[in-house]
Amino acid sequence: MIIKQVIDILEELAPLNYAEDFDNVGLLVGNAHDEVNGILVTLDTLENVVEEAIAKKCNLIVSFHPIIFGGLKKITGSNYVQRVVIKAIKHDIAIYSMHTALDNSNKGVNAKICEVLGLQNTSILIPQKGTIRKLTTYVPKENADALKTALFHAGAGNIGNYSNCSFTVDGTGSYQAKAGANPYLGKIGETHYEDESQISVTYGRANEQKILKALFGNHPYEEVAYEIQTLENKNQNIGMGMVGNLEKSMGEEEFFEFLKKKMNVSCIRHSDFLGKKIKKVALLGGSGSFAISAAITANADVFVTSDLKYHQFYEAEGKILLADIGHYETEQFTKNLLVDYLTKKIPNFAVSLSESKTNPIKYF
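Residues numbered from 1 in each chain as written. Predicted model: local features only at pLDDT ≥ 70, side-chain atom pairs only at ≥ 80, totals over all residues. Heavy atoms only, no water.

With that settled, consider the packing of helix α6 (residues 144-153) against helix α7 (residues 208-218). Between α6 and α7, whose axes approach to 8 Å, the crossing angle comes to 155 degrees. As far as their axial angle goes, α7 and α6 are roughly antiparallel. Crossing of α6 against α7: the hand is right-handed. Contacts between α6 and α7 pair Leu-147, Ala-150 and Leu-151 from the former with Ile-211, Ala-214, Leu-215 and Asn-218 from the latter. By residue class, the composition of the contact of α6 with α7 is six nonpolar, one polar and no charged. (Axes fitted to C-alpha atoms, helices over the stretch in contact; angles between N-to-C directions. Helix = DSSP H or I, 4+ residues; strand = E, 2+ residues; numbered from the N terminus. Parallel < 35°, antiparallel > 145°, perpendicular 65-115°, else oblique. Left-handed = near helix turned anticlockwise from the far one by under 90°. Contact = heavy atoms within 4.5 Å. Nonpolar A, V, L, I, M, F, W, Y, C, P; charged D, E, K, R; others polar.)

Below you can see the structure in the form of structure tokens.
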């Protein structure tokens, strides 16, 4: 197995084009065509993690956070980022980062937190915009069903809990083949009229290349006419944060004790108690202050996240309970998620959970 094959498996879970624009995801160090000896999964790629990879004979590190975030203007070993890159290159270790691609996956970071807390009826808190597209093409009526089937197999036509969705309009198409053409129907120099079907299917942006390959590979015409539009619809299956319900309502203090136990945290920074029962929980792993208003709009009783600043606690405005449990703490189960996923996908391959401690924050 080569690194590219592992990357393809990871991108089934978290396509990179669903990552946020500011992020730096994908293969950051190494050659995608190198053979893989072993995979080490970590939350952060630090020097001790690279040392662990060397000791475990793993030449691919799958990391949640990217070790290279901004541009590197020099690599002299003057800081921890440069030292990690130097050590990885020196020992032929590749580093792949998922970060916000996995944040935005409906089976990613926040889905794992929901699982740990036992939340039910979960949904995306902030659905991502600009990820749903529509393909429209024109094909002879006799070929319409076969083409639609090929597009569906490539991932088109999936909307929420529905698949094989399309819209078809029948009409008459015309064209005139010029010298050098090889028309499927009609003759050179003559205008040909054909009973055609206009087919429209929607799809997630991540599947576009596969869908276009299916279109060109299964369309009978030499020149395929098609249009692609980006829709305004929000993608209910892709986005930041999640919201769901506890199995039973809890008092605020009872919920915090439950949260501390499930998330293995010793303390919680929070806004004023509101004297309300907690049933609906919004959450966002990592820095989630930008989602406070979304959590309020979702009518959540509590919003669990991290990295809230002093003035951001005021944004609760008596409408929601804010709970900051720590950045590392919200994302700590991510590496378990990835190990479980890769182990199921590659059952006969060495996938290791990093034992290195990478939380930079300590509590006294």
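The buried fraction of strand β12 (residues 278-287) is high, at seven of ten residues. Sheet topology note: the strand β10 (residues 235-250)/β12 ladder contains five bridges and is antiparallel. Within β12, the position partnered with Val-243 by the bridge is Ala-282. Of the pairings in the sheet, the one linking β12 to strand β13 (residues 302-306) comprises four bridges and is parallel in character. Counted as the bridge partner of Val-281 is Val-302 from β13. A crossover links β12 with its parallel partner β13, the connecting element being helix α9 (residues 292-297), and its sense is right-handed. (Buried < 20%, exposed > 50% of the residue type's maximum accessible area, 1.4 Å probe, protein only. Pairing = 2+ DSSP bridges. Right-handed = clockwise from strand over helix to strand, strands pointing away.)

For the rest of this paragraph, the subject is the pattern of salt bridges. Tallying each qualifying case throughout the model produces eleven salt bridges. Taking the shortest distance from any N to any O, the salt bridge between Lys-56 and Glu-52 comes out at 2.8 Å. Since its relative accessible area comes to 32%, Lys-56 is described here as partly exposed. A salt bridge links Lys-56 to Glu-355; the shortest N-O distance between them is 3.0 Å. You can see Lys-56 sitting in the loop between α2 (47-55) and β3 (60-63) and its partner Glu-355 sitting in the segment after β15 (351-353), a full 299 residues away along the chain. (Salt bridge = Lys/Arg side-chain N within 4 Å of Asp/Glu carboxyl O.)

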